[in-house]
Amino acid sequence: MVVTTLSLATVAVVHAPEPAAAAVTAAASVPNGTISRSEVLARAQNWVDRAVRYNLTRQSNTLYTDVEGDNKYGPDCSGLVSMAWHMTANSGKGGNSTSDFLADLANGVNVKRLGSMHDLLPGDAILRDGHMELFARWKNPGDHTQGAWTYSLNGTGDPDSNGWQDDWAKGPSVNSHGQRGDESWSSMTGSYIPIRYTRIIDDSAGQVQGTASIYGVLPDGRLTYTAVDVATGRRSHGAVVSTATIGFTPRAMATLNFNTILITDSEGKLYRVDVITNKDSLVFNQPILLATGWTHDLLAYDGNTHLFGIAGGVLRRYTVNTAKPAAANISSGALVGTGFVLKTLTTTASNWILGTAFDGRLLAYRINGVLTGSGNYTPYELKDSTWQVFDNLTSPGSGVYFGHRPEGSMHHYLDQSPHDGNGADIIGLGTVDDTGWTQILLSAQPATIT
């Protein structure tokens, strides 16, 4: 790579990081949330445009702000990647080091190894002991052996007394110091590992938009309503809590539509709850008793007439033929299968259910359209028992999942291909709230995100 020698007067100008005011307009992502490939590259280019200079010390006066100006990162190779991926800056430590990334890779956290160097896509990275670079694009998409253009900070020459070295952030185009991010195929395949940030998404996948409407029941029987923006994971409304209680001990819950909820109680009774308003306060009519004998531990509605219930490990599918059902509007229930010992249950689309087992596995099932007896489904294990521990899991559709942990936190996920039977592309989109979700039951209005 070409390094241009500058006069001492010129070098002095670029010793210190630019102030936050120099940052460009805030981007769409949030720290540790989902981020599109195009945004990753734009964030990296921001450091090129600002002539960020290399310094390995990570002392506080050497750190550079990111695009938004609210995090500071070390001006080195791993700091650049941490910043581009919008990872938190490790409590002032300037982002991950290459050792941190190698440890994350070994532990299956934040990053994953790609099957081949050929699998690299814009915004991925190459990593080895002591150095890493952000992959921008192939020099020749038809012949990867011609090498790649990258975003990098390498550290060239001896550092001065403050740790500054004559290398600046560089990318696919020549920077203001005559440098360009350039990696040969032999170098890439000789010592580097191709990796992918687990929260990075293709630009088309990042276009999932809409609002998840989530109803809940508190331990004292009051109802809650919360709206969450599925693109950002931020609460856009709520939580709104009712003054009245439902008047019974709830067992399972399924939201039929924006103002209709089905809830079973501990005695096997099925109730319909009609919500009058959830705008500034949550008000509902007296629950209507529909039927008895509903001993289901779990309920979920798919937004397309199908109500699923599990009782004693037996999964049945009911047909609901109206928005405000009476008992006569709910079929007697067809057997799907046995052995459904699940801790949580939700739906992801018509005739698709999702749940977690008690050992933590994430499981999906495609239910056959016409039920002729037990075994009318196709099972998929999306994640093994090391994934997560949730006591509630709910989905508004389109691969958007919300998981609730017992301590009161709510977490946001996106399955980029929700019906391929493969959980490798499920990414964490961050935390909606660390605490405060004290509901014992949660249910999102289904099929509202497309």
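Residues numbered from 1 in each chain as written. Predicted model: local features only at pLDDT ≥ 70, side-chain atom pairs only at ≥ 80, totals over all residues. Heavy atoms only, no water.

## Notes on the overall build of the chain
1) Next: Within the chain, the regular secondary structure consists of five helices and 33 strands.
2) Next: Its C-alpha atoms give the chain principal-axis dimensions of roughly 85 × 45 × 30 Å.
3) Next: Counting across all 450 residues of the chain, residues that qualify as buried make up 53%.
4) Next: Counting contacts in the chain only where the partners sit at least 6 residues apart, residues at least 24 apart contribute 54% of the total.
5) Next: Within the chain, one finds 31 positive and 40 negative side-chain charges whose respective centroids are separated by 4 Å. (Helix = DSSP H or I, 4+ residues; strand = E, 2+ residues; numbered from the N terminus. Buried < 20%, exposed > 50% of the residue type's maximum accessible area, 1.4 Å probe, protein only. Contact = heavy atoms within 4.5 Å. Lys, Arg positive; Asp, Glu negative; His and termini not counted. Charge placed at Lys NZ, Arg CZ, Asp CG, Glu CD.)

## Here we look at the side chain of Glu133
1) Next: Mapped onto the secondary structure, Glu133 falls in strand β7 (residues 131–138).
2) Next: Lys170 provides the closest opposite charge to the buried, salt-bridge-free Glu133, at an N-O distance of 6.6 Å.
3) Next: Among the polar contacts listed, one links the side chain of Glu133 to the side chain of His131, at a separation of 2.9 Å.
4) Next: Within the structure, Glu133 has its side chain in polar contact with the side chain of Thr150 (distance 2.7 Å). (Salt bridge = Lys/Arg side-chain N within 4 Å of Asp/Glu carboxyl O. Polar contact = N/O pair within 3.5 Å; in protein donor to acceptor, adjacent residues only side chain to side chain.)

## Details of the nonpolar core
1) Next: Trp47, Leu80, Trp85, Phe101, Met132, Leu134 and Ile195 are the most contacted members of the largest nonpolar core, which has 33 residues in total.
2) Next: Secondary-structure elements contributing two or more residues to this core are α2 (37–49), α3 (77–84), α4 (98–107), β6 (125–128), β7 and β11 (193–197).
3) Next: Residues in contact with Trp47, not counting those within four places in the same chain, are Val52, Tyr64, Thr65, Asp66, Tyr73, Gly74, Pro75, Gly79, Leu80, Met83, Leu153 and Ala169. (Core = buried A, V, L, I, M, F, W, Y, C linked by side-chain atoms within 4.5 Å.)

## Remarks on the side chain of Glu183
1) Next: Mapped onto the secondary structure, Glu183 falls in strand β10 (residues 182–183).
2) Next: Here Glu183 occupies a buried position and makes no salt bridge, while the nearest side chain of opposite charge, Arg128, is found at 6.5 Å.
3) Next: Polar side-chain contacts of Glu183 include one of 2.8 Å to the side chain of Ser187.
4) Next: Excluding residues that lie within four positions of it along the chain, Glu183 makes contacts with Ile126, Glu133, Lys139, Gly147, Ala148, Thr150, Met188 and Tyr192.

## A look at the packing of aromatic side chains
1) Next: Counted by the stated rule, this structure contains 16 aromatic pairs.
2) Next: Here the aromatic rings of Phe340 and Tyr377 are separated by 4.9 Å at their centres, their planes lie at 65°, and the arrangement is edge-to-face. Taken as a pair, Phe340 in the loop between β24 (334–337) and β25 (346–349) and Tyr377 in strand β28 (residues 377–383) lie far apart in primary sequence, 37 residues in all.
3) Next: Residue Phe340 is classed as buried on the basis of its relative accessible area of 2%.
4) Next: Pairwise contacts between aromatic rings join Trp85, Phe101 and Tyr197 into one cluster.
5) Next: The cationic tip of Lys139 hangs over the ring face of Trp149; the distance from NZ or CZ to the ring centre is 4.7 Å.
6) Next: Here the guanidinium or amino end of Arg180 rests over the ring plane of Trp149, the centre of that ring lying 3.6 Å away. (Phe/Tyr/Trp six-rings, centres within 6.5 Å; stacked < 30°, edge-to-face > 60°. Lys NZ or Arg CZ within 6 Å of the ring centre and 35° of its normal.)

## Remarks on α2
1) Next: Helix length check: α2 (13 residues) gives 18 Å between terminal C-alpha atoms against 18 Å at 1.5 Å per residue, within 8%.
2) Next: Among the residues of α2, those classed as buried are Arg37, Glu39, Val40, Arg43, Ala44, Asn46, Trp47 and Val48.
3) Next: Trailing α2 by a residue or two, Ala51 shows a phi angle of about 55°, which is positive. (Expected span 1.5 Å × (residues − 1).)

## Brief notes about the layout of surface pockets
1) Next: Size it by volume and the largest pocket reaches roughly 900 Å³.
2) Next: Looking at the lining of the largest pocket, the elements that each hand over two or more residues are β5 (111–113), β11, β12 (200–201), β31 (410–415) and β32 (426–433).
3) Next: Among the elements that make up the lining of the largest pocket, the one with the highest residue count is β32 (five residues).
4) Next: Its residues placed into classes, the lining of the largest pocket shows 12 nonpolar, 14 polar and eight charged. (1 Å grid on protein atoms, 1.4 Å probe; cavity = no way out; pocket = protein on both sides within 12 Å on 5 of 7 lines; lining within 4 Å. Points joined across faces, edges and corners; volume = space filled by probe spheres on them. Nonpolar A, V, L, I, M, F, W, Y, C, P; charged D, E, K, R; others polar.)

## Concerning the sheet that holds β28
By way of backbone hydrogen bonds, the strands of a sheet pair with one another, either parallel or antiparallel.
1) Next: What the four strands build is an open sheet, ordered β25-β26-β27-β28; its pairing is antiparallel. At either end of the open sheet lies a strand with only one pairing partner, and these are β25 and β28. Between one strand axis and the next, the sheet turns by 30° as a mean value, whatever way the strands run.
2) Next: Where β25 lies against strand β26 (residues 352–356), three bridges are found, and the strand directions are antiparallel. Looking across to β26, one finds that Thr347 is bridged to Ile353. (Pairing = 2+ DSSP bridges. Axes fitted to C-alpha atoms, helices over the stretch in contact; angles between N-to-C directions.)

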